[in-house]
Amino acid sequence: MGIDLPLIWFVIIVFSMLMYIVMDGFDLGIGILYPALKDNQDRDLMMNSVAPVWDGNETWLVLGGAALFGAFPLAYAIVLDALSIPLTFMLLALIFRGVAFEFRFRADESHRRHWDHAFIWGSIIATFMQGIVVGAFIQGFHVENRVFMGGYFDWFSPFPLFCGLGLVVAYALLACGWLIMKTEGHLRRTMYRVLRPLTLFMVTVIAAISLWTPIVNEAVFERWFSLPNLFFFLPVPLLVITCTWLIFKSAKRQQHDSIPFLAALLLIFLGFTGLGISIWPNLIPPAISFRDAAGPSESLGFMLVGALFIIPVILVYTYWSYYVFRGKITPDQGYH
């Protein structure tokens, strides 16, 4: 029995995207929460909490995009055709946000607020566009004879736009948990105050998307609500309820500062798992599976050799950077 190369590469891409959403999510969420804090010292702390790791987090996005191009060229071509506009805006926002991140610390007081606005809008637009991409995948693409036949603005419809807003809330919740875990004093207390409202928004978004998804995609309805699948997938909503309870309990007691972040991470993971359950085994919903979209076996095997080297290196680097900069930060610490 040979190695199932398409399945291995599908797992690699899913893992890369999950790592990106989890790790760059709270990073982008810092910019989304930025308007809630007006004090420059609090804003400096927010920036410094992610300064050592923010650029490394985006490595996973690069890896996922490169893997999609090399392993599933058909899917890559369709995605670029269908989502060229939101993907372009996302990349421009990420670039603009990265520039603002670096220049803010070097600007004088009269110019710092301009870079603050650039950081805020870069974070919001990048997140919103990522949510649109996720919503477009759930909604599906109009493909005929392995060619995208839809319009360039098919993504501009209520469901993907709502998913964009939902991801903004999700990343803000991740950032709130991150700042509770990494900071002390006034900033930590402020984040605990906004933790409950953000969690309520997040759960509302999850419920709305869960009810809306079967409407926009009949195959999803069959996948989730047919028997015995309904019983197999029941742990997903139960775990969502458990995570919500843990966050509310933590917000009340304001102890064990790592719990809000870990529970928010699990909520995001459950949402990602729900997406995977909904579209499996399609890489381009509703009809092109990852096997149909895969490139030649020779190419997949050749690239896998490189992936087996580069992925452990990225994992070790990521672990080491988070380990070195573990613990809470204080106002006198700076990484710029």
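Up top is the structure.
Residues numbered from 1 in each chain as written. Predicted model: local features only at pLDDT ≥ 70, side-chain atom pairs only at ≥ 80, totals over all residues. Heavy atoms only, no water.

Colleague: How should the environment of M181 be read in this particular structure?
Modeller: Within the secondary structure, M181 sits in helix α8 (residues 158–182). A sequence separation of 132 residues divides M181 from S49, and the C-alpha atoms of the two residues are 9.9 Å apart. Setting aside its immediate chain neighbours within four residues, M181 contacts D257, S258, F261 and K328. (Helix = DSSP H or I, 4+ residues; strand = E, 2+ residues; numbered from the N terminus. Contact = heavy atoms within 4.5 Å.)

Colleague: Sorry if this is basic, but what is going on with the environment of I8 here?
Modeller: Along the polypeptide, I8 turns up in helix α1 (residues 5–33). By relative accessible area, which is 29% here, I8 ends up partly exposed. Along the chain, I8 and L300 lie 292 residues apart, while their C-alpha atoms are 9.2 Å from each other. Excluding anything up to four places from it in sequence, I8 contacts I3 and L304. (Buried < 20%, exposed > 50% of the residue type's maximum accessible area, 1.4 Å probe, protein only.)

Colleague: Looking at this structure, I do not really get the environment of L18. What am I missing?
Modeller: Tracing the backbone through its elements, the reader meets L18 in helix α1. Aside from chain neighbours lying at most four places away, what touches L18 is F269 and F272.

Colleague: Explain a positive patch on the surface here, please?
Modeller: There is a patch of like positive charges on the surface, built from R196, K249, K252 and R253. Looking at which element gives the most residues to the positive patch, the answer is helix α12 (residues 235–253), with 3 residues. Mapped onto the secondary structure, K249 falls in helix α12. (Patch = residues over 30% accessible without salt bridge, like charges linked within 9 Å, V, L, I, M, F, W, Y side chains within 5 Å. Areas by Shrake-Rupley, 256 points an atom, 1.4 Å probe, with all protein chains shown as cover. Salt bridge = Lys/Arg side-chain N within 4 Å of Asp/Glu carboxyl O. Lys, Arg positive; Asp, Glu negative; His and termini not counted. Charge placed at Lys NZ, Arg CZ, Asp CG, Glu CD.)

Colleague: Help me out: how do you make sense of the packing of helix α4 (residues 59–71) against helix α15 (residues 297–324) in this one?
Modeller: Packed helices, taken two at a time, are described by the angle their axes make and the gap between the axes. Running from N to C, α4 and α15 cross one another at 175°; their axes reach a closest spacing of 12 Å. If you check the angle between α4 and α15, you find them roughly antiparallel. Contact with α4, carried on its side by T59, W60, L63, G70 and A71, involves L300, M303, I311, I314, L315 and T318 of α15 and no other residues of that element. Here the residues of the contact of α4 with α15 are counted per class, giving 8 nonpolar, 3 polar and no charged. (Axes fitted to C-alpha atoms, helices over the stretch in contact; angles between N-to-C directions. Parallel < 35°, antiparallel > 145°, perpendicular 65-115°, else oblique. Nonpolar A, V, L, I, M, F, W, Y, C, P; charged D, E, K, R; others polar.)

Colleague: Would you take a moment to explain the packing of α8 against helix α13 (residues 258–279) for this structure?
Modeller: Contact pair α8 / α13: the axes reach a minimum separation of 7 Å and the direction vectors enclose 155°. Classified by the interaxial angle, the pair formed by α8 and α13 is roughly antiparallel. Once α8 is placed against α13, the crossing between them reads as left-handed. Seen from α8, the contacting residues are A170, L173, L174, G177, W178, I180 and M181; seen from α13, they are S258, P260, F261, A264, L265, L267 and I268. Per-class residue counts for the contact of α8 with α13 are 12 nonpolar, 2 polar and no charged. (Left-handed = near helix turned anticlockwise from the far one by under 90°.)

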